[in-house]
Amino acid sequence: MPSNPGGGVHDWYVYLLLVVFGTVIGYVTKLVAVQMLFRPATFIGIPPALGWQGVVPRNADRVARVNAELLATRLLEPRDVFARIDPAALTAQLEQPLMAAIDEIVRDVLRAHHPQLWEMLPMLAQDLIVKQAQASAPRLVEQVVTELRAEVGSALGARALEAAFRRDPELVPRVVRELSRPEMAFMARFGMWSGLALGIVEAVVWGLTGTDWVLPVAGAVIGGVTNAAALRLIFFPRTPTGFLSLQGAFQRRRDRVAVRYGELLASEVITVPALVDAVLQGPQAAKVQAVIARAVNQVVDEQPRITRLTRLPEVKQAVTVAAVRRLPETIRHAESYLTAAMDLARTITARVRKLNPVEYEALLRPALRFHTWPLTVVGTLLGALIGAATTLFL
């Protein structure tokens, strides 16, 4: 209780101390809340309920599903993206690795299916067969790219994009953390200033009542209520509201978020290796392999020294299988060109800016909307504990 309720030097020092502690409670509980959003990455405790996993890692599947659906339906048009790839430019990028791959495939397949005949051929004859096949490479690439444009839409479909988000358990939390850094800083600032304001109220109420129970109650309110308020103010109001044009922190940053989101997805999620994997392993994999097989068969049929061989269908099949197997490794040599040509980052950025507020907040809100009540509980308990400890300084 205050030693001199009417005022005095000691009383003003105590009141100042209460305001400081209120500010500390607001700030510390927000720092704890931010840590609880991301840590630990995996569940620690006794499943299913006695323990804790960071909110964002726990919501990772939901984030992946919502973002994949948004990308597939509102942010990307697969045919437009793949139409930007120039077969001639791609061939130029792949010239050396493509020549090396064709050389290896031709020699390996013929050596495997016609070992005696292949060994009997002079070195110059072997090289001639390889060079004839290599000469068809530009037309082969153009044919495959042209035909695949109509077939690879599923590589940017919701299922493939969701799989891309989920291929690394740390990917979604990393994207969310990068996207929400200013919002996490906003939570800490909000906690500090709201703690300061409520600390003043706390000091006034304590001075009027002279009862120590005010301190843990005020600490619980500062720690718990402001945690919930900070999370909500990240997204609401969705549009500028009132005389001061108040708007959620994430909503205010749309232009910068759009740029960062596009960069993150182009560099972390929708990468060239991920697209190649989606093309070769996704729902249209059989059609993609059929396109490659047609192109390979056409090249083989144009080689007179090969068409005279027995077991020709087996040779064609072996060449197709080898070509599909080597594709991911070969295409990596053109990763820089493909990334620049598809220009996913700028495409996504432009379309994020056109989303309505509800669609836009779906980039981040699924990560912070569910399973957040423990943050309020912990903030309440921690605030009450610090508030109770404050009585020791009075």
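None of these values were measured; they are calculated from a predicted model. (Residues numbered from 1 in each chain as written. Predicted model: local features only at pLDDT ≥ 70, side-chain atom pairs only at ≥ 80, totals over all residues. Heavy atoms only, no water.)

### A word on the nonpolar core
Now for step 1: Ranked by size, the top nonpolar core spans 101 residues in total, and within it Leu 71, Leu 90 and Ile 270 carry the most contacts.
Now for step 2: Discounting chain neighbours no more than four positions away, the residues touching Leu 90 are Ile 85, Val 141, Val 145, Ile 331, Ala 334, Tyr 337 and Leu 338.
Now for step 3: In this structure, Leu 18, Val 19, Trp 206 and Leu 215 belong to the second largest nonpolar core, which totals eight residues. (Core = buried A, V, L, I, M, F, W, Y, C linked by side-chain atoms within 4.5 Å. Buried < 20%, exposed > 50% of the residue type's maximum accessible area, 1.4 Å probe, protein only. Contact = heavy atoms within 4.5 Å.)

### Overview of helix α15 (residues 285-301)
Now for step 1: Between its first and last C-alpha atoms α15 spans 24 Å; for 17 residues at 1.5 Å apiece the expected length is 24 Å, and the two agree.
Now for step 2: If you check which residues of α15 are buried, you get Ala 285, Val 288, Val 291, Ile 292, Ala 293, Ala 295, Val 296, Val 299 and Val 300. (Helix = DSSP H or I, 4+ residues; strand = E, 2+ residues; numbered from the N terminus. Expected span 1.5 Å × (residues − 1).)

### Considerations on the pattern of salt bridges
Now for step 1: For the structure on display, the rule yields 19 salt bridges.
Now for step 2: In this structure, Asp 108 and Arg 111 form a salt bridge, with 3.4 Å as the shortest nitrogen-oxygen distance. Highlighted residues: Asp 108 and Arg 111, both in helix α5 (residues 87-113), separated by three residues, approximately one helical turn.
Now for step 3: Using a relative accessible area of 40% as the deciding quantity, one classes Asp 108 as partly exposed.
Now for step 4: According to the relative accessible area criterion, Arg 111 is partly exposed, its value standing at 37%.
Now for step 5: Connected via shared salt-bridge partners are Glu 178, Arg 181, Arg 260 and Glu 263. (Salt bridge = Lys/Arg side-chain N within 4 Å of Asp/Glu carboxyl O.)

### Overview of helix α19 (residues 344-352)
Now for step 1: Buried within α19 are the following residues: Leu 344, Thr 347, Ile 348, Thr 349 and Val 352.
Now for step 2: Each element contacted by the buried residues of α19 is listed here: α3 (60-75), α4 (78-83), α13 (254-269), α18 (335-342) and α20 (357-361).

### Notes on a nonpolar patch on the surface
Now for step 1: On the surface, Leu 198, Val 201, Val 205, Trp 213, Val 217, Val 221 and Val 225 cluster together into a nonpolar patch covering about 590 Å² of accessible area.
Now for step 2: Elements represented by at least two residues in the nonpolar patch include exactly α10 (171-209) and α11 (214-233).
Now for step 3: Assignment of secondary structure puts Trp 213 in the loop between α10 and α11. (Patch = residues over 30% accessible without salt bridge, like charges linked within 9 Å, V, L, I, M, F, W, Y side chains within 5 Å. Areas by Shrake-Rupley, 256 points an atom, 1.4 Å probe, with all protein chains shown as cover.)

### So, the packing of aromatic side chains
Working definition: an aromatic ring pair is given by the centre-to-centre distance plus the angle between the planes.
Now for step 1: Per the counting criterion, the structure on display carries four aromatic pairs.
Now for step 2: With 5.8 Å between their ring centres and 80° between their planes, Tyr 15 and Trp 206 make a pair best called edge-to-face. Taken together, the residues span a long stretch of sequence, with Tyr 15 in helix α1 (residues 9-38) and Trp 206 in helix α10 at a distance of 191 residues.
Now for step 3: Judged by its relative accessible area of 15%, Tyr 15 falls in the buried class.
Now for step 4: Trp 206 sits in the buried class, given a relative accessible area of 1%.
Now for step 5: Ring geometry for Phe 235 against Phe 250: centres 5.8 Å apart, planes inclined by 65°, an arrangement best described as edge-to-face. On the criterion of sequence distance, the pair formed by Phe 235 in the loop between α11 and α12 (249-252) and Phe 250 in helix α12 is long-range, its members being 15 residues apart. This pair shows no difference in class: Phe 235 is buried, exactly as Phe 250 is.
Now for step 6: Of the aromatic side chains, those joined through ring pairs into one cluster are Phe 235, Phe 250 and Tyr 360.
Now for step 7: A cation sits over an aromatic face here: Arg 254 above Tyr 360, 4.5 Å from the ring centre.
Now for step 8: Here the guanidinium or amino end of Arg 365 rests over the ring plane of Phe 235, the centre of that ring lying 6.0 Å away. (Phe/Tyr/Trp six-rings, centres within 6.5 Å; stacked < 30°, edge-to-face > 60°. Lys NZ or Arg CZ within 6 Å of the ring centre and 35° of its normal.)

### As for unusual backbone geometry
Now for step 1: Residue Pro 40 is bonded to the preceding Arg 39 through a cis peptide linkage, with omega at -5°.
Now for step 2: Within the fold, Pro 40 resides in the loop between α1 and β1 (44-46).
Now for step 3: Backbone geometry places Ser 245, a non-glycine residue, at a positive phi of 55°.
Now for step 4: As for its position among the elements, Ser 245 is in the loop between α11 and α12.

### Considerations on the packing of helix α14 (residues 272-281) against α15
Working note: a packed helix pair is described by the angle between its axes plus the distance between those axes.
Now for step 1: It is at 6 Å that the axes of α14 and α15 come closest, and there the two elements cross at 95°. One finds that α14 runs roughly perpendicular with respect to α15. Judged by residue contacts, Val 279, Leu 280 and Gln 281 of α14 engage Ala 285, Val 288 and Gln 289 from α15.
Now for step 2: Split into classes, the residues belonging to the contact of α14 with α15 amount to four nonpolar, two polar and no charged. (Axes fitted to C-alpha atoms, helices over the stretch in contact; angles between N-to-C directions. Parallel < 35°, antiparallel > 145°, perpendicular 65-115°, else oblique. Nonpolar A, V, L, I, M, F, W, Y, C, P; charged D, E, K, R; others polar.)

### Here's the deal with the confidence of the model for the protein
Now for step 1: When the pLDDT values of the protein are averaged, the result is 88; 95% of them are 70 or greater.
Now for step 2: Every residue in residues 1-10 scores below 50 in pLDDT, and together they form twelve contacts with partners more than four places removed in sequence or on other chains. (pLDDT = per-residue confidence, 0-100.)

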